[in-house]
Amino acid sequence: MAETHVLFVEDDDVIREATQLALERDGFAVTAMPDGLSGLEAFRADRPDIALLDVMVPGLDGVSLCRRIRDESTVPVIMLSARADSIDVVLGLEAGADDYVTKPFDGAVLVARIRAVLRRFGHATGGQTIGEPEPEQVGGVLVFGDLEVDTEGMAVHRAGEQVALTPTEMRLLLEFSAAPGTVLSRDKLLERVWDYGWGGDTRVVDVHVQRLRTKIGQDRIETVRGFGYKLRP
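Keep in mind that what you see is a predicted model, and the values were worked out from it rather than measured.

Colleague: How do you make sense of empty space enclosed by the protein when you look at a structure like this?
Modeller: If a probe as big as a water molecule is rolled over the atoms, it shows which places are left empty. Applying the stated rule across the entire model yields one cavity of 30 Å³ or more. Estimates place the volume of the largest cavity at around 30 Å³. What lines the largest cavity is simply Val55, Met79, Ser81, Asp88, Val89, Gly92, Leu93 and Tyr100. Those elements that place two or more of their residues in the lining of the largest cavity are strand E4 (77-81) and helix H4 (86-94).

This is the structure:
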């Protein structure tokens, strides 16, 4: 089996070298770069399986680098930040990141988060839960008004036009479409979509829901205050 290739962009020499060694010990192939511009070049040259981007790197900051990567690819991105401030987290997620980890981080935790992201990217599928209402279905396509979700071909169309979703956004939509009209809590979505077996930051869910709304229609996903979100059938 081929090694998973990680692009790691971090300007701190000690953190970069120590993290690269730790990831390599866990079986990852790592390309480590000290700044955003060299990171972008390495991404275009190597096409890694996942990118780890520090927010505060010189030349091209991590958020801007994430936007550049997302313009060209749906490869999973994890942002690394020395702060857990909302502005860092939200900016990174709005730029297209799939998750974030706050520094200083434990190497085992970082590896677990990387593997969780890779698992859901490799298995971007959903399932119908027994007892939940079934949407109108034509073949493998679920239909919600002008929104069509092809659960087999992993494609989404709105009013006949294809909608480009990242794998995380697709996983999120599949969870909603498997249970239309049913309220899904943020914690449940963290567990199902982000594969968190532990408590996670619900801002990750909120930002991804907002990103999804801009693509499939602002009124398609309803906020149920104090409980979570639901897809309008």
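Colleague: Looking at this model, I keep getting lost on the sheet that holds strand E1 (residues 5-9). Mind explaining?
Modeller: Strands sit in the order E2-E1-E3-E4-E5 across an open sheet of five strands; the sheet is parallel. Taken across any chain shown, the strands that pair with only one partner, and hence form the sheet edges, are strand E2 (29-33) and strand E5 (99-102). The sheet shows a mean angle of 20° between the axes of neighbouring strands, direction not considered. The pairing of E4 with E5 spans four bridges and is classified as parallel. Each bridged residue has a counterpart across the sheet, and for Met79 the counterpart in E5 is Tyr100. Of the strands in this sheet, E1 and E2 touch helix H2 (residues 36-46), which is tilted by about 165° from E1.

Colleague: I tried to follow helix H7 (residues 186-193) on my own but got confused; where do I start?
Modeller: When we look at burial in H7, the residues that qualify are Leu189, Leu190 and Val193. The buried residues of H7 occupy an angular sector of 105° when the element is viewed end-on, so they sit on one face. Facing away from the buried side of H7 by more than 90 degrees, the exposed set consists of Asp187 and Glu191. Count one or two residues on from H7 and you reach Asp195, which has phi positive near 60°.

Colleague: Got a minute to help me understand the packing of helix H6 (residues 167-177) against H7 in this structure?
Modeller: A packed helix pair is summarised by two numbers, namely the angle formed by the two axes and the spacing between the axes. Remark: H6 packs on H7, axes separated minimally by 10 Å, with the N-to-C direction vectors making an angle of 125°. The orientation of H6 relative to H7 falls into the category oblique. At the point where H6 passes H7, the crossing takes the right-handed sense. Residue-level contacts link Thr168, Arg171, Leu172, Glu175 and Phe176 of H6 to Leu189, Arg192 and Val193 of H7.

Thresholds applied
- Residues numbered from 1 in each chain as written.
- Predicted model: local features only at pLDDT ≥ 70, side-chain atom pairs only at ≥ 80, totals over all residues.
- Heavy atoms only, no water.
- 1 Å grid on protein atoms, 1.4 Å probe; cavity = no way out; pocket = protein on both sides within 12 Å on 5 of 7 lines; lining within 4 Å.
- Points joined across faces, edges and corners; volume = space filled by probe spheres on them.
- Helix = DSSP H or I, 4+ residues; strand = E, 2+ residues; numbered from the N terminus.
- Pairing = 2+ DSSP bridges.
- Axes fitted to C-alpha atoms, helices over the stretch in contact; angles between N-to-C directions.
- Contact = heavy atoms within 4.5 Å.
- Buried < 20%, exposed > 50% of the residue type's maximum accessible area, 1.4 Å probe, protein only.
- Arc of directions from axis to C-beta.
- Parallel < 35°, antiparallel > 145°, perpendicular 65-115°, else oblique.
- Left-handed = near helix turned anticlockwise from the far one by under 90°.

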